[in-house]
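What follows is the residue order along each chain.
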Amino acid sequence: MFDSIIKDKLAQRDNLGLLRRRIVADEISAAYLTVDNKQYINFASNDYLGIASDNTAETLLATEKYKDKHLTAGAMASPLVVGRHKIHQELEQLLLDWVGAPQTYDCLLFGSGYSANTGVISALFNDKNKDALLVQDKFNHASLMDVGRNSQALGHCRQLRFMHNDLTSLASILAKSAHDKSARDIQNKLVVTEGVFSMDGDQPDLLQLTQISKANNAWLMLDDAHGIGIHGQNGAGSLSAQKMALTDCDILVITFGKAIGAQGAAVIATKQTIEYLTNFSRDYIYSTHLSPLQSAAAIVNIKNIQADDWRREKLAENIEYFKTHMSQCKFTLANSNSPIQPIIIGDETKAVQLSEQLKANGVWASAMRYPTVAKQQARLRITISAAHSKQQLDQLIQQVSA
Ligand SMILES: Cc1ncc(COP(=O)(O)O)c(C=O)c1O
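These numbers come from a predicted model, not from an experiment.

## Considerations on the overall build of the protein chain
Then, in step 1: Each helix and strand in the protein chain was counted, giving 16 helices and 15 strands.
Then, in step 2: A compact globule built from 402 residues should have a C-alpha radius of gyration of about 21 Å, and the protein chain, at 22 Å, falls within 12% of that.
Then, in step 3: Dimensions of the protein chain, computed from the C-alpha atoms along their principal axes, are close to 60 × 55 × 55 Å.
Then, in step 4: Looking at the 402 residues of the protein chain, the share that counts as buried comes to 51%.

This is the structure:
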């Protein structure tokens, strides 16, 4: 039975210092975390703008506009069965306007970013009889890698990974893999990258990625989970930040669980592609739709994000402060200008030890280890928020430098 496999695998992980344990927090906000009645400064949340912490359930529910809309917590069924609520449509339109989508584009909501990514890729690669190629940055999120691996195992595509943010490596893979076994051109090619990499905080050169993809007749999919809200005009995301149009990529994924401070995700693409996903994305079809209450929360938060330039300004100031004061520290910081500021430790056990040492001194910073990152690439994934004060940043810097 499974008992011995389960026991062995857990013991193996434990011996390698890789065992994960769940914790219960009494209270979580962007700046603080309380566990077992002890308060920590929180450097592990993705509430980069502090919006999730400011707009709690009480403030959201009191929002005048949504008071009389009879918004339910649950969507009651898949959107294709009971229909989607007007609040979903309002959120879709808000997102389309935010990212500057033309009339020919549409938006589809999902319950999570993980589901959006698997829903898109498994729908695009769902045919055993077609030769298809999926090319991903080596550091792409697990949701993207998992669905790619599964699609390849089903014989629906070949998945290749290019060296992280290395566009020569991407161009070379695309050039070498342009043909199938019978020397015919491969028709269906998808390049996938992130706007801001979740474990490294760095960003790709989107203009070059677009150019290389187009030159090789490949579509480009951008997962902007960590770019939306933070970068670009009014927080419109990585494309806007790099002075590019939405139409420069073929599929955009936005998640609501990071800077937007809610839950869920959206896919934005041409109307035809969205119609295709509506019909072929199993994650969309066979799952209860995004909660109407969550959709309202996302709308309220996005409107705040668009209006509150001070949040992005304060965040940028905090990131700059952290980087400047950390430059004397013995550890290496990654090359990141985003709220994700990993301190690279390497050894897994040492990363956990440092994380525990910080916790003992009232600072919460999670150690990221294999398999979340590569072996011997363990790190503290520090996340900076607009909600942090200079004193809190100083405390982190002092603790890490000690
Ligand atoms: C780049 C990226 N994409 C997708 C996801 C998944 O999003 P969600 O948490 O909404 O499932 C994450 C979450 O960490 C992520 O970092």
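## Some points on the packing of helix α14 (residues 309–326) against helix α16 (residues 390–401)
Then, in step 1: With their axes 10 Å apart at the nearest point, α14 and α16 run at an angle of 25° to one another. The angle between the axes of α14 and α16 places the two elements in the roughly parallel class. The two elements α14 and α16 cross, and the hand of that crossing is right-handed. Here α14 contributes E317, N318, Y321, F322, H325 and M326 to the contact with α16, which in turn contributes K390, L393, D394, L396, I397 and V400.
Then, in step 2: For the contact of α14 with α16, the residue count by class is seven nonpolar, two polar and three charged.

## Regarding the layout of surface pockets
Then, in step 1: By volume, the second largest pocket is sized at about 560 Å³.
Then, in step 2: Taken together, 20 residues form the lining of the second largest pocket, with K138, N140, P371, T372 and V373 sitting closest to its centre.
Then, in step 3: Sorting the residues of the lining of the second largest pocket by element identifies α7 (142–153) and β6 (158–162) as the ones contributing at least two each.
Then, in step 4: It is α7 that contributes the most residues to the lining of the second largest pocket, four residues altogether.
Then, in step 5: Residue composition of the lining of the second largest pocket, grouped by class: eight nonpolar, six polar and six charged.

## Observations regarding the packing of aromatic side chains
Then, in step 1: In the structure shown here, the tally under the stated rule is three aromatic pairs.
Then, in step 2: Consider the rings of Y276 and F280, whose centres lie 4.6 Å apart with planes at 25°: the pair is stacked. Residue Y276 and its partner F280 are both found in helix α11 (residues 271–280); the two are separated by four residues, about one turn of the helix.
Then, in step 3: The exposure class of F280 is partly exposed, given its relative accessible area of 42%.
Then, in step 4: A cation over an aromatic ring shows up here: K359 above the ring of W364, its NZ or CZ 4.1 Å from the ring centre.

## A short note on the sheet that holds strand β13 (residues 363–364)
Then, in step 1: Strand order across the open sheet formed by four strands is β1-β2-β3-β13, with mixed pairing between neighbours. The open sheet terminates on both sides in strands that have one partner only, identified here as β1 (27–28) and β13.
Then, in step 2: Looking at chain direction, strand β2 (residues 32–35) and strand β3 (residues 38–42) are connected through four bridges and run antiparallel. Across the sheet, residue T34 finds its bridge partner in β3, namely Q39.

## Concerning the side chain of S338
Then, in step 1: Along the chain, the position of S338 falls in the loop between β11 (332–333) and β12 (340–346).
Then, in step 2: Residue S338 is classed as buried on the basis of its relative accessible area, which comes to 0%.

## Re the site of the ligand
Then, in step 1: In the region of the ligand, 13 residues are neighbours, and G113, Y114, D223, H226 and K258 sit closest.
Then, in step 2: Between the ligand and G113, the relevant distance is 2.7 Å, taken from an oxygen atom to a main-chain nitrogen or oxygen of the residue.
Then, in step 3: With respect to the ligand, the side chain of D223 contributes an N or O atom lying 2.6 Å from a nitrogen atom.
Then, in step 4: If the ligand stood free it would expose 390 Å²; the protein chains cover 81% of that surface.
Then, in step 5: In terms of residue count, the dominant contributor to the shell around the ligand is helix α6 (residues 113–124) (three residues).
Then, in step 6: Class assignment for the residues of the shell around the ligand results in two nonpolar, eight polar and three charged.

## Details of the domain arrangement of the protein chain
Then, in step 1: Partitioning the protein chain into structural domains gives domain 1 (12–49 + 309–401) and domain 2 (66–306).
Then, in step 2: Domain 1 and domain 2 are separated by 27 Å when their C-alpha centres are compared.
Then, in step 3: Listed per partner, the contact involves 20 residues of domain 1 and 18 residues of domain 2.
Then, in step 4: Taken together, the two surfaces of domain 1 and domain 2 that pack against each other cover about 1,400 Å², and 56% of this comes from carbon and sulfur.
Then, in step 5: Joining domain 1 to domain 2, the criterion identifies one salt bridge.

## Things to note about the sheet that holds strand β10 (residues 265–270)
Then, in step 1: With mixed pairing, seven strands are arranged side by side in an open sheet as β4-β10-β9-β8-β7-β5-β6. Unpaired on one side and paired on the other, β4 (105–110) and β6 mark the two borders of the sheet. Between one strand axis and the next, the sheet turns through 20° on average, direction left out of account.
Then, in step 2: Pairing of strand β5 (residues 132–137) with β6 involves five bridges; the strand directions are parallel. Bridging across to β6, Q136 finds its partner in R161.

## Details of α7
The α-helix advances 3.6 residues per turn, and as a result positions three or four apart in sequence lie on the same side.
Then, in step 1: If you check α7, its first and last C-alpha atoms are 16 Å apart, about what twelve residues at 1.5 Å a residue would give, namely 16 Å.
Then, in step 2: Every buried residue of α7 is listed here: S143, L144, M145, V147, G148 and S151.
Then, in step 3: Among the structural elements, α6, β5, β6, β7 (188–194) and β8 (219–223) are those in contact with the buried residues of α7.
Then, in step 4: Immediately downstream of α7, the backbone of G155 shows phi near 80°, a positive value.

## Section: a nonpolar patch on the surface
Then, in step 1: A cluster of nonpolar side chains, namely F2, I5, I6 and L10, defines an oily patch on the protein surface of about 420 Å² accessible area.
Then, in step 2: One can find F2 in helix α1 (residues 2–15).

The rules we used
All chains use their own residue numbering, which begins from 1 and follows the written sequence. Restriction of local features to residues with pLDDT of at least 70 applies here, the model being predicted, together with a cutoff of 80 or more for giving and counting side-chain atom pairs; totals for whole chains, interfaces and linings are based on all residues. As a rule here, side-chain values cover all heavy atoms of the structure and leave hydrogens and water aside. Strands are runs of DSSP state E lasting at least two residues, helices are runs of H or I lasting at least four, and both sets are numbered from the N terminus onward. C-alpha atoms define the radius of gyration, and 2.2 Å times the number of residues to the power 0.38 defines the globule rule. Remark: exposure states derive from per-residue accessible area (1.4 Å probe, protein chains only) relative to the maximum for the residue type, with buried under 20%, exposed over 50%, and partly exposed in between. Structural elements are reduced to axes, namely lines fitted to C-alpha atoms, with helices fitted over the stretch in contact, and the angle between N-to-C directions of any two is expressed from 0 to 180 degrees. In this scheme, roughly parallel covers angles under 35 degrees and roughly antiparallel covers those over 145, while 65 to 115 is roughly perpendicular and the rest are oblique. The handedness criterion is simple: a crossing whose near helix is rotated anticlockwise from the far helix by less than a right angle is left-handed, and one whose near helix is rotated clockwise is right-handed. Contacts are assigned to residue pairs that have any heavy atoms within 4.5 Å of one another. Residues are sorted three ways: Asp, Glu, Lys and Arg are charged, Ala, Val, Leu, Ile, Met, Phe, Trp, Tyr, Cys and Pro are nonpolar, and all the rest, Gly among them, are polar. For each structure, a 1 Å grid was placed over the protein atoms alone; sets of points admitting a 1.4 Å probe that cannot get out are labelled cavities, open sets with protein on both sides within 12 Å along at least five of seven lines are labelled pockets, and lining residues have an atom within 4 Å of a point. Grid points are joined across faces, edges and corners, and a volume is the space filled by probe spheres set on the points. Between 30 and 60 degrees the pair is tilted, below 30 it is stacked and above 60 it is edge-to-face, where a pair is any two Phe, Tyr or Trp rings, Trp via its six-membered ring, whose centres lie within 6.5 Å. Charge over a ring is defined by NZ of Lys or CZ of Arg lying within 6 Å of the ring centre and within 35 degrees of the ring normal. Note on pairing: DSSP must find at least two bridges between two strands before they are called paired. Whether a residue is near a molecule or strand depends on its heavy atoms: it is near if one of them lies within 4 Å of it. Whenever two N or O atoms come within 3.5 Å, that pair is a polar contact, provided that in protein one can donate a hydrogen and the other can accept it, and provided that, for residues adjacent in sequence, both atoms are side-chain atoms. Shrake-Rupley sampling with a 1.4 Å probe provides the accessible areas, and residues are treated as covered by the protein chains on show and by no other component. Segmentation of the chain into domains, including their bounds, is taken from an automatic or database domain assignment. As a working definition, buried area equals the accessible area (1.4 Å probe) given up by two parts on being put together, with both sides summed. Salt bridge, as used here: a side-chain nitrogen of Lys or Arg that lies within 4 Å of a carboxyl oxygen of Asp or Glu. Any helix carries an expected span of 1.5 Å times its number of residues minus one. Patch membership requires more than 30% relative accessible area and the absence of a salt bridge. Residues of like charge join within 9 Å; the nonpolar side chains Val, Leu, Ile, Met, Phe, Trp and Tyr join within 5 Å.

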